[in-house]
Amino acid sequence: MADHLASEVIPDSALLFRRIHRHFFDPETGRVMSGAFDGQDMSADWEKYSTPTQTAERDTSGNTVAVASLTAALCRNLEQTVLHDPLPGHQDIAANPAHTLVRGRKSKPTKQKLRDLAILAWKKE
Amino acid sequence: MNAKTGTLVDRSGLGGEPSGVLASREVCPRTTPFVAASQQPRFFDFAQPVSTRPRREFFSNNNNRIQVAGSPLNEFEGFSHELRSLYVSGRLGLSSKMCQRLVELLALQRGWDGGMAMPFKPEEAAHTVSLLIMLNSTLPRFNEPFLAPTIAGFAQLEWHNKQRTLEFEGTSDAWSIVGSETKMRGERVYHQADVSRSDIEELVAAYRWFDGAELLWPII
């Protein structure tokens, strides 16, 4: 586990998994809102250390209804920096060696592009 | 919304089974007896007649600040109640689903996304209702959007059809609008504009573009 907490360089081809909160998911159409891809530092999980299901299960609140996947290259093409940011465990929360930050300003078109290019990797039954 | 129980609690500061908002304000102080939030229905049932709706209760503390499970509710108390009254009056022109969604968003607390998300701003709900009523009454064809909060506490409205999408996102003083369309060769093109909340002509033009009444993106 200790090895996993060292930050690594994420290759362009790597898949990143992003949790989708229920408020950003239209259950009638199955569409994800672009607001799900917001924030200067947007958290995601790197496929090297996580599956879409594991990414969903890290949210214990029950608010995750889907997991979307993006490639690191796609994020970088939208002027984002992709940084491996493994999280150590603390108290009752397990370490997350997959944690990754997609860092950068996300304008409205950028958020839309991230949404349009993302692929649904997991959906709550 | 109580984040732990998922239960919506009336923040109106009103109690009883009002026949009208003003009337109920006159007779219902904030010291209404407590009722466990878990025993209440999750949302207002907008489709249910007023007289048969369950009594709405709420918690309050000694500081005249309404709280649910120790968390202070948003300001702009009474908006959800007003919304219900407007819906019942039949003058709002919005679906019960949309009204319920607005009430649900108004109950969001800080950190609702599990991170640092801001509560949904009550004034943003008012702007959203205003926009939807205006579009609904101005356009011959209008479909309600999917409504979501943003992590900054504003509203995001999104419409989709086969070729185009349209998004309105609230900012501190405007609607930030993005339209996207798929061109003949399959490439996706994005258009962006910031439009004053009072610029009805531009707001309507954006929706007309989405609906196919305008071929070219109309906002310069």
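Look up a bit, the structure's there.
Criteria and cut-off values
- Residues numbered from 1 in each chain as written.
- Chains lettered and ligands numbered in written order.
- Predicted model: local features only at pLDDT ≥ 70, side-chain atom pairs only at ≥ 80, totals over all residues.
- Heavy atoms only, no water.
- Helix = DSSP H or I, 4+ residues; strand = E, 2+ residues; numbered from the N terminus.
- Rg over C-alpha atoms; globule rule 2.2 N^0.38 Å.
- Buried < 20%, exposed > 50% of the residue type's maximum accessible area, 1.4 Å probe, protein only.
- Contact = heavy atoms within 4.5 Å.
- Lys, Arg positive; Asp, Glu negative; His and termini not counted.
- Charge placed at Lys NZ, Arg CZ, Asp CG, Glu CD.
- Axes fitted to C-alpha atoms, helices over the stretch in contact; angles between N-to-C directions.
- Parallel < 35°, antiparallel > 145°, perpendicular 65-115°, else oblique.
- Left-handed = near helix turned anticlockwise from the far one by under 90°.
- Nonpolar A, V, L, I, M, F, W, Y, C, P; charged D, E, K, R; others polar.
- Salt bridge = Lys/Arg side-chain N within 4 Å of Asp/Glu carboxyl O.
- Pairing = 2+ DSSP bridges.
- Core = buried A, V, L, I, M, F, W, Y, C linked by side-chain atoms within 4.5 Å.
- Buried area = accessible area lost by both parts, 1.4 Å probe.
- Polar contact = N/O pair within 3.5 Å; in protein donor to acceptor, adjacent residues only side chain to side chain.

Asks: How would you sum up the overall build of chain A? Please name residues and give values.
Replies: The helix and strand inventory of chain A stands at 3 helices and 8 strands. Reading the secondary structure of chain A in the N-to-C direction produces β-β-β-β-α-β-α-β-β-α-β. Taken over the C-alpha trace, chain A has a radius of gyration of 14 Å; the compact-globule value for 125 residues is 14 Å, and the two agree within 12%. Dimensions of chain A, computed from the C-alpha atoms along their principal axes, are close to 40 × 30 × 20 Å. In chain A, which comprises 125 residues, the share counted as buried stands at 50%. Taking as baseline every contact in chain A between residues at least 6 positions apart, the subset at least 24 positions apart corresponds to 78%. Side-chain charges in chain A split into 16 positive and 16 negative, and the spacing between the mean points of these groups amounts to 7 Å.

Asks: Kindly report on the packing of helix H3 (residues 96-106) of chain B against helix H4 (residues 122-138) of chain B, identifying the contributing residues and their values.
Replies: Any two packed helices are characterised by the angle at which their axes cross and by the distance between the axes. All names here are of chain B. Running from N to C, H3 and H4 point in directions that differ by 165°, and their axes come no closer than 10 Å. The orientation of H3 relative to H4 falls into the category roughly antiparallel. Our pair here, H3 against H4, has a crossing hand that is right-handed. Every residue of H4 that contacts H3 at Met98, Leu102 and Leu106 is listed here: Pro122, Ala125, Thr128, Val129 and Leu132. In terms of residue class, the contact of H3 with H4 is built from 7 nonpolar, 1 polar and no charged.

Asks: Would you mind going over the pattern of salt bridges in detail, with residue names and values included?
Replies: As enumerated under the stated definition, the model contains 20 salt bridges over all chains in all. Put simply, Arg22(A) and Glu104(B) hold a salt bridge, and the shortest N to O gap is 3.1 Å. Taken as a pair, Arg22(A) in the loop between strand E1 (15-21) and strand E2 (25-26) and Glu104(B) in helix H3 lie in two separate chains rather than in one. The closest approach of N and O atoms between Glu181(B) and Arg164(B), which form a salt bridge, is 3.3 Å. You can see Glu181(B) sitting in strand E6 (residues 174-182) and its partner Arg164(B) sitting in strand E5 (residues 164-170), a full 17 residues away along the chain. Linked by salt bridges that have partners in common, Asp38(A), Lys108(A), Lys111(A), Arg115(A), Asp116(A), Glu158(B), Glu167(B), Glu169(B) and Arg188(B) make up one network.

Asks: Report on the pairing of strand E3 (residues 146-149) of chain B, specifying residues and quantitative values.
Replies: Burial of the side chains of E3(B) extends over both faces: Phe146(B) and Ala148(B) are buried on one face and Leu147(B) and Pro149(B) on the other. In textbook terms, the turn of a hairpin is the stretch between consecutive antiparallel strands, and for E3(B) and strand E4 (residues 155-160) of chain B this stretch comprises 5 residues, one of which, Gly153(B), has a positive phi near 95°.

Asks: Give a detailed account of the sheet that holds strand E7 (residues 99-103) of chain A, specifying residues and quantitative values.
Replies: All names here are of chain A. Strands sit in the order E6-E7-E4-E1-E5-E8 across an open sheet of 6 strands; the sheet is antiparallel. Of all the strands in the sheet, the pair left with one neighbour each is strand E6 (81-84) and strand E8 (119-123). Strand after strand, the sheet turns through a mean of 35° between neighbouring axes, direction not considered. In this sheet, strand E5 (residues 64-71) lies alongside E1 in antiparallel orientation, the contact comprising 7 bridges. If you follow Leu16 over to E5, its bridge partner there is Leu70.

Asks: How would you sum up the side chain of Asn63(A)? Please name residues and give values.
Replies: Inspection of the secondary structure puts Asn63(A) in the loop between helix H1 (52-57) and E5. If near-sequence neighbours (up to four positions away) are discounted, Asn63(A) is found in contact with Ile20(A), His21(A), Arg22(A) and Trp112(B).

Asks: Go over the packing of H4(B) against helix H5 (residues 200-210) of chain B with me, naming the residues and quoting the values.
Replies: All names here are of chain B. It is at 11 Å that the axes of H4 and H5 come closest, and there the two elements cross at 70°. Here H4 lies roughly perpendicular to H5, going by the angle between them. For the element pair H4 and H5, the recorded crossing hand is right-handed. In contact with Leu131, Met134, Leu135 and Thr138 of H4, H5 contributes Ile200, Leu203, Val204 and Tyr207. Here the residues of the contact of H4 with H5 sort into 7 nonpolar, 1 polar and no charged.

Asks: So what about the nonpolar core? Which residues, and what values?
Replies: If you look at the biggest cluster of nonpolar residues, it comprises 65 residues, and the most contacted ones within it are Phe37(A), Phe168(B) and Ile177(B). Once residues within four sequence positions are removed from consideration, Phe37(A) is found in contact with Arg18(A), Ile20(A), Val32(A), Met42(A), Ala68(A), Leu70(A), Lys106(A), Lys111(A), Leu114(A), Arg115(A) and Ala118(A).

Asks: I'd like a description of the sheet that holds E6(B), backed by residues and values.
Replies: All names here are of chain B. The 5 strands lie next to each other as E3-E4-E5-E6-E7, forming an open sheet whose pairing is antiparallel. Each edge of the open sheet carries a strand with a single partner, namely E3 and strand E7 (188-196). On average, each strand axis in the sheet is tilted by 20° relative to the strand beside it, whichever way the strands run. Where E3 meets E4, 4 bridges bridge the pair, whose relative direction is antiparallel. Note on E4: the bridge partner recorded for Leu147 is Leu157. Against the sheet, H4 touches E3, E4, E5 and E6, its axis set at about 30° to E4.

Asks: Now, about the interface of chain A and chain B: what can you tell me, with residues and values included?
Replies: Chain A puts 23 residues into the contact, and the matching count from chain B is 24 residues. Together chain A and chain B conceal approximately 2,000 Å² of surface at their shared face, both sides included; 54% is due to carbon and sulfur atoms. When the buried area of chain A at its contact with chain B is split by residue, His23(A), Met33(A) and Lys108(A) rank highest and sum to 33% of it. Taken together, the connections running from chain A to chain B amount to 8 salt bridges. At the boundary of chain A with chain B, the tally comes to 16 residue pairs in polar contact (both at pLDDT 80 or more). By residue number, the principal contributor to the side of chain A that touches chain B is helix H3 (residues 108-117) of chain A, which donates 7 residues. Here the side of chain A that touches chain B is composed, by residue class, of 6 nonpolar, 7 polar and 10 charged.

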